[in-house]
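Summary of structural features
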Amino acid sequence: MTQPLTPFYPIFASKSDGLDVVSYKGAPLRNGPSQDQLDRSPNAQGQCDYYRVIEKDDPKHVDWRKKLGGMLLRELGGKQHEDKWQQCILWDLPDNYTLYEHIKTKADGQARTSKNHSGGGHDRQDAYLYGYPKGPRKRFRSPLEFFPHLLWLCTDETSDMQNCTCKMCVPLQLDVEKEKEKPAVRVEVKPEIKKERETVALPITGRHPTVQVLPRRTSNPSSVASPAAATAPAPAPAPATPVAAPAASPVAPPAAPQIRAPTPLQSTPLPDPRSIDQQVDHLYHKFVSRQGEVVWYFRPDKTGAWGLGVVLRRWIDKATGAKGYHVQPLSHPHDSMAPEMVASEDEMKPWLAWSAPNYTYTYLQQHPNIPYEKVDWQGLIAGQYGQDGVASVDASIMAAKAVDTTYTLFDYLKKTAHAGMQDAHYNGIYLGAEKIWRGDPVRLRIGKDTDVMVVTDIVERTSQQANGQTASAVLVVGDIYSYATIPIANPAQLPEVPKSPNIPTRMREDMAWRNQLLVPHARTFAYWKLSSPSSRFDIAELRGRWYETELVFKEPFTASVKTSEAGNGVWMNARGDATKVGRMTGVPLPQRLQAFGRAVPEGTQLVDGIDTPEQPQQAQGAGMGMAGHADVFTDLMNFDHIGEGAGPSYDFNF
C-alpha cells in the first residue's frame, strides 16, 4: 500500500487474551468464521457471501488501529500528549485477534470497497474482530466496541475479566441511551446485575471517547459498595475541555502509565529426527517424494505419458550420488504390474501438484461417486459399459482419490492424560497422499494462503462423551510462519529481518533461492516471519505438505517474478480437492498400504532407508494392458498444455 505522508507514532498492546482455537463441547473449535463462511464460491445466482481476512496493510486494518491507538493514548497518556492523539497508531492487534470482512456481492459479482473499517464512514457490521477467548460468536464489530477490552488488557495487572467493561465481558450490563439534543452516548451500569461495580460513563465527544476505568474488585467484603451507593445516579460526563485549576494551587498531571512493547514471540524447538528417512526429509535438495506417497511419474517405456503410482523405495547411489525411486503403478485388480524405476525427480510430481483428469469411460463420468471396490472392473474391461475408455487409467485415478480420503498415524511416541482426555503422540502421519513428519512445514486452510505451519507434535485425542461413546480427533501442533516481504531500493543493501532459530533448513534455503530472483527483478526481499507459535489445529485444516519452490515450481515461480507478479497469487491443490469433499478428517487406517486396497498387488511392501538396492535397474513386469490405447492415455495424462486455457490447473501455493 502507499505509505502515508504523515508520520504516525506506534503504540503497543502489552498483552493479549486472544485465542485462535477454543474448546467447544470438549472438541477444538476454530475461533473465527467457519469453513463454509470462508468459502468464496458463488451460489446458483452468481452471488457471493463469505468472510475474508483483512491484512495488516489493508486500509480498513489501518483505520481500526489508528482509532484504537488514538483512544489508547488519550486515556493512558492524558492531555499532555494531545498533539499525538490523531497521529498515533496501534502497531498491531493483540496476538491471535484477527480482523475479517464480510463480503456480499450482487449477481454480477460486484462488491463495494471502502477505505475505513465500516465500509461507509460509520460503524457498520461489515468488519468483525475475532479472537475473544469465549469463542467465535463473541466478536467485536467496531474499534469503539473493542476499545474497552483493549484498555483492560493494557491496564489490569490481575488479568481479571471481571474488571473489564466491554460488552463481551459484561453482557447485558451496559444500557446505551441516545440523547436527542446531541449525538452523545451514555453507558450506565445496571445495579441489579453487579451491585459491587461503579457506573461507567462513555461520553462520545468528537472522534475519541473518554473512558472511566473501573476500580478492581476487592476480596474484603466490608469494602463492597452499599446498596444505596450502588443505586446512586451516574456521574456527569466529563467535559471535552478540562476546567483549569486555580492558579494558587496548581495540580500536577498524573504520570502516564508506561506502555510496554510486546514480548517477542518465542518459536518452538524442532524435534530431533528418529530415523534416517526423517533426517533426510528435513534436508534441502534431497528427496521430493517419500515412501508411501502417491505421485505422478513419467513412463517413457510404457506409454510415453504420465501415470499414477505409490513410492515403494528410494535411494542415493553412493558412488555417483544419483537418486532413484521404485514406484508401484496403481491399476485395477486384474492388471498386476511390477514396480518401475524412476531415475530423475524431473519425471515425478506430488499428487497435489496437478489436478486429476476426468475418467475416460463415459459410464464412470456419469457415476463419479462409485467407490473403487464397487466397480465391475471385469465388465468394464470386457466392454459391457462402453468401449470409450481405458480401465487401467480410470482405476489409477480412482485409487488415488480413495487414498486422498484416508490417514494413518505411525511411529507412536507416548501417551498423556489430562482433563478426562487421553492424548497419544506420534512422530508422523500419512495424510491423504502424503507423508508428514514432526518438523515438517505444512500448508493451512485457514489464515493467509502463504502461511506455513511447522509441525512439532501430532496428537490423537480421545475423550469419553456423556452418552458413553468415545470421541476422537487428530491434532497437529506447531508454529505458524507468514510469508513477509520488504521493498528494497538498493539490491546491494539487504534489510535486517527477524530470524527464528527454529525455521527448518528446507524453508530457509528455499527462501534464499527465492530472494536471488525477487531482489533483482522485483526489488523485494522476502522472509519467514513467526506469527503464531504453538498453534493447534485439526488435521482437517491442513491443505497438505509444503514443497520447495525451487524443486517443484521453479519455472512458474521464475516466470511470475519476471512478469512483475513477484511470485504471489499462485496456489497448489489441497487434500480433498480431487474428490470435491474439501475439508475433512478422513478415514483412519492402521496400516498405510491398506489405503491402496486392490489397486496394488498383494504382498506389496514399503522399504525404509536410502540404501541402493542390489539391482536398481528398470523392473521388467507386465505392461499396462493398454495396447491400442497409448494415444488416449497420452492425451489424458500429458500436462504440457498446463496454463493454456482449460485443463488441470498448474497454479501453486508456497
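To keep things clear, this report deals only with the structure shown in the data block.

Cut-offs and rules
Residues numbered from 1 in each chain as written. Predicted model: local features only at pLDDT ≥ 70, side-chain atom pairs only at ≥ 80, totals over all residues. Heavy atoms only, no water. Helix = DSSP H or I, 4+ residues; strand = E, 2+ residues; numbered from the N terminus. Buried < 20%, exposed > 50% of the residue type's maximum accessible area, 1.4 Å probe, protein only. Contact = heavy atoms within 4.5 Å. Areas by Shrake-Rupley, 256 points an atom, 1.4 Å probe, with all protein chains shown as cover. Core = buried A, V, L, I, M, F, W, Y, C linked by side-chain atoms within 4.5 Å. Expected span 1.5 Å × (residues − 1).

Moving on: the overall build of the chain. Across its full length, the chain carries twelve helices and 23 strands. With 654 residues in all, the chain has 47% of them scored as buried. Look at the contacts in the chain between residues 6 or more apart in sequence, and 69% of them connect residues 24 or more apart. When the accessible surface of the chain is totalled, it reaches about 32,800 Å², and 51% of it is carbon and sulfur.

In this fold, Cys-169 is placed in the loop between α3 (143–155) and β8 (174–178). Relative accessible area serves as the criterion here: at 14%, Cys-169 is assigned to the buried category. Along the chain, Cys-169 and Lys-138 lie 31 residues apart, while their C-alpha atoms are 9.6 Å from each other.

Grouped together as the largest cluster of nonpolar side chains are 37 residues, with contacts concentrated most on Val-294, Leu-308, Leu-330, Trp-351 and Phe-596. Of all the secondary structure elements, the ones that give two or more residues to this core are β10 (294–299), β11 (305–316), α7 (377–381) and α8 (391–404). Broken down by element, the residue count for this core peaks at eight residues, all from α8. Leave out the neighbours within four places in its chain, and Trp-351 touches Val-294, Val-295, Trp-296, Leu-308, Ala-356, Ala-400, Lys-401, Asp-404, Ala-433 and Ala-578. Judged by nonpolar contacts, the second largest core, of 31 residues, contains Leu-90, Tyr-97, Phe-146 and Cys-164.

Bringing α3 into the picture now. Taking 1.5 Å per residue, 13 residues should reach 18 Å; α3 reaches 18 Å between its end C-alpha atoms and fits that length. For α3, the buried fraction is high: eleven of the 13 residues fall into the buried class. Of the residues making up α3, those classed as buried are Pro-143, Glu-145, Phe-146, Phe-147, Pro-148, His-149, Leu-150, Leu-151, Trp-152, Leu-153 and Cys-154. Among the structural elements, α2 (59–77), β5 (88–90) and β7 (127–130) are those in contact with the buried residues of α3.

These figures capture arrangement, not role.
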